[in-house]
Amino acid sequence: MDTYDGIKLFFKSVTSVFFREIKVSGTENVPMDKPCIFIVAPHANQFVDPGLVIISNPRRFSPLMAQSSFKKKIVGTIAKSLKAIPVIRPQDLAVKGTGKLVSDKKEFVLSGQDTQFTQQVSARDVIVLSKAVSFEVTEVISDTQLKLKKELTDEAIELIKNSGTYKVIPHVDQSTLYDKVHERLNTGECIVIFPEGGSHDRSELLPLKAGFAIMALGAMVENKDLDIKIVPVGLNYFHPHRFRSRAVISYGAPISIKPEWVEAYGQGGTAKREAIAALLEAGYDGLKSVTVNAPNYNVLMTIAAARRLYKPAAEHRLKIDQVVELNRRFLLGYKYFEKDPRLVDLAERIKAYNNTLKYFGLRDHQVARTQTAAYSAAPVLISRLLKIFFLALFGFPSIIINSPLIILISFISQRKQEEALAGSSVKIAARDVLATWKILVALVGTPALYGFYSFILFSYLYYQGYQHSFSLSLGVWVILPFVQYASVLFLESSVDIYRSLKPLYLSLSNPDGAAELRKMRESLSETITQFVDENGSTALSDFDRHKFDAMELHEKVESRSILRNLNLSATNIQKWLDDKQIFNFSTTSSATTSDAEEE
């Protein structure tokens, strides 16, 4: 096993612990005999995103990575082993400006007091006033005056009046970066780039940066025989920052670079800019085909609810990649009919239904389970409580043992979240850094914590005169992670069972309210299904209302659910812990979905 395979195995083990299920689709689209640039979006997790691409990609590649990341111990070591190409990000070189800005009117000249523009600023540098306000410099006139590329805005003038402080971000010549990329592509290798730039937690794609287009077109201008393919890769998370969530990695159809784009790029000037814009647009369209790109989270919640209520999909067994694809198609339909009064009214009804679910403390898939009669619900409720108690006996000690680590992970990840939010203009709540820091802290903290416990055990056994105290303590340190992983599985099952108690309790405590909720759901489901079946072909040329007919009914899957037939035999537990289960990474996963995909 070489270094690359070792890193791939490392990421596979880490991600399979963090995620409950990982599904990969579209790898057959990846060209195996041509140089490729994989453009990946959305960039929702700093550390996790590259890991998922590594474990799913059939090609080896060199990722582009911020040069500042090379300085971090774990990330830097992995980057060097992957032969990552360092990218100097201008924002990493930002410095605080000397003196204060004093401009007070709209103009292309920026003035300062006690400033040292001739020493600190050069043409093409950027003056930053806030996270959202910045200006490119075209000329340094003197120590106290700069000529700007665009006129000062009212917001900029207000910031200057109130504070006057500023930062200088130097322009970086990326020619060395492009040379390294061209060298890799000319030898038939692949690179991976996140064209949105930094990570974020928005529900829509950020505008793509032109880097990948310039790299591809520049390389093909230099080498006329080069045939580079741009492959869009969509990372779709159900809950990107949560432990034991699910992820879908989708590879889209490769984008061929048209000869006229290459020719136009070589001409320079306006033709070059148009060629870059054309490839950027093609890349953006490619990423939209493999991602769920909603304008905001409210729309995303509405779309997800509508998809769950659409009868043909709700009644049949869906894999998580099918859930993602259906969400994407529903979103396309939503955008097409966005201003249609019928859809506006339907969206309001869906919001009312979601609010009703919150009031009852239920999720959509649990509503049908409230139909259980009182005489049959009671014994089922008791049975499941007993199962939870039994599972907790095995799983609860894991919480106690790992409590110092849980507290440390929570503290550090929240601190990093606050720092990231303060330093970004695109993040909403900076949830994109949570998973990254949870994993990084766990990678360092887990062996350290278990080593501490083993040291305590060694000290006790040594002072008790036990001859094999060191060997036993070392064995405990090695075995403890596997025992804890088994405990995680027990806790996971107990949480699933706990969630199933709510509809049973509601059917016993408030049967009339449960009946009204079911009636509300059924009516809404009928309306959504009718609207989609009547109008789907208008928004989608390949719409097929009979697409789900051949799929297995969801109720058949429910009859085999672990919640109804919980098998805790030694054979079943051993099955949980075999290689296929531990590394639950698959291109043909058949796991069903329930509440996992609900927001």
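Residues numbered from 1 in each chain as written. Predicted model: local features only at pLDDT ≥ 70, side-chain atom pairs only at ≥ 80, totals over all residues. Heavy atoms only, no water.

As recorded in an unreviewed UniProt entry, the chain goes by Phospholipid/glycerol acyltransferase domain-containing protein and comes from Rhizopus oryzae.

A. Local environment of the sheet that holds strand β7 (residues 109-113). Spatially, 7 strands are ordered β5-β11-β8-β9-β10-β7-β6 in an open sheet, and the strand pairing comes out antiparallel. Each edge of the open sheet is held by one strand with a lone partner, namely β5 (95-96) and β6 (100-101). In this sheet, strand β9 (residues 134-142) lies alongside strand β8 (residues 126-128) in antiparallel orientation, the contact comprising 3 bridges. Along β9, the bridge assignment pairs V126 with E136. (Pairing = 2+ DSSP bridges. Helix = DSSP H or I, 4+ residues; strand = E, 2+ residues; numbered from the N terminus.)

B. Representation of the confidence of the model for the chain within the structure. Scored by pLDDT, the chain comes out at a mean of 83, with 89% of its residues at no less than 70. By mean pLDDT, the top-scoring element of the chain is strand β15 (residues 255-256) (96), and the lowest-scoring one is helix α21 (residues 579-582) (39). Contacts of residues 560-593 to residues separated by more than four positions or lying in other chains number 76 contacts, the stretch itself having pLDDT below 50. (pLDDT = per-residue confidence, 0-100. Contact = heavy atoms within 4.5 Å.)

C. View of the nonpolar core. Core analysis: the biggest nonpolar cluster contains 40 residues, and F19, F38, L52, L235, Y237, I249 and Y251 have the highest contact counts within it. Going through the elements one at a time, α1 (3-18), β1 (19-25), β2 (36-41), α2 (48-56), α3 (73-81), β13 (229-237), β14 (245-251) and α15 (434-463) are the ones with two or more residues in this core. (Core = buried A, V, L, I, M, F, W, Y, C linked by side-chain atoms within 4.5 Å. Buried < 20%, exposed > 50% of the residue type's maximum accessible area, 1.4 Å probe, protein only.)

D. Representation of the state of the cysteines in the model. One pass over the full model with this rule turns up 0 disulfides. Left without a disulfide partner, C36 is nearest to the cysteine sulfur of C190, which lies 4.3 Å away. Assessed through its relative accessible area of 0%, C36 is described here as buried. Here C190 falls in the buried class, since its relative accessible area comes to 1%. (Disulfide = S-S within 2.5 Å.)

E. Structural context of the environment of P35. Looking at where P35 falls in the secondary structure, it is placed in the loop between β1 and β2. Sequence separation between P35 and C190 is 155 residues; the distance between their C-alpha atoms is 5.3 Å. Residues within four places of P35 in sequence aside, it is in contact with L185, G188, E189, L226, D227, I228 and K229.

F. Summary view of the pattern of salt bridges. Evaluation of the coordinates by the stated rule reveals 17 salt bridges. Note that K149 is salt-bridged to E136, the shortest N-O span being 3.9 Å. Residue K149 is found in the loop between β10 (145-148) and α5 (154-162), and its partner E136 is found in strand β9; the two are separated by 13 residues along the sequence. For K149, a relative accessible area of 58% translates into the label exposed. Overlapping salt bridges bring together K34, D227 and K229 as one network. (Salt bridge = Lys/Arg side-chain N within 4 Å of Asp/Glu carboxyl O.)

G. Molecular detail of unusual backbone geometry. Put simply, A41 and P42 share a cis peptide bond, and its omega is -10°. Looking at where P42 falls in the secondary structure, it is placed in the loop between β2 and α2. Backbone geometry at K83 places phi at a positive 55°, although glycine is not the residue there. Among the structural elements, K83 can be located in the loop between α3 and β4 (85-87). Exposure remark for K83: the relative accessible area of 60% places this residue in the exposed category.

H. View of the packing of helix α7 (residues 211-222) against helix α9 (residues 269-288). Interaxial distance between α7 and α9 falls to 9 Å at its minimum, and their mutual angle equals 120°. When the axes of α7 and α9 are compared, the pair comes out oblique. As for the relative orientation of α7 and α9, their crossing is right-handed in sense. Residues F212, A213, I214, A216 and L217 of α7 touch α9, and the partners they reach there are A275, I276, L279, L280 and G283. Across the contact of α7 with α9, the residue classes break down as 9 nonpolar, 1 polar and no charged. (Axes fitted to C-alpha atoms, helices over the stretch in contact; angles between N-to-C directions. Parallel < 35°, antiparallel > 145°, perpendicular 65-115°, else oblique. Left-handed = near helix turned anticlockwise from the far one by under 90°. Nonpolar A, V, L, I, M, F, W, Y, C, P; charged D, E, K, R; others polar.)

I. The pairing of β1, seen in detail. Counted residue by residue, β1 has 7 buried out of 7 residues, so it is predominantly covered. Looking at chain direction, β1 and β14 are connected through 6 bridges and run parallel. When the sheet's bridge partners are listed, F19 is paired in β14 with S245.

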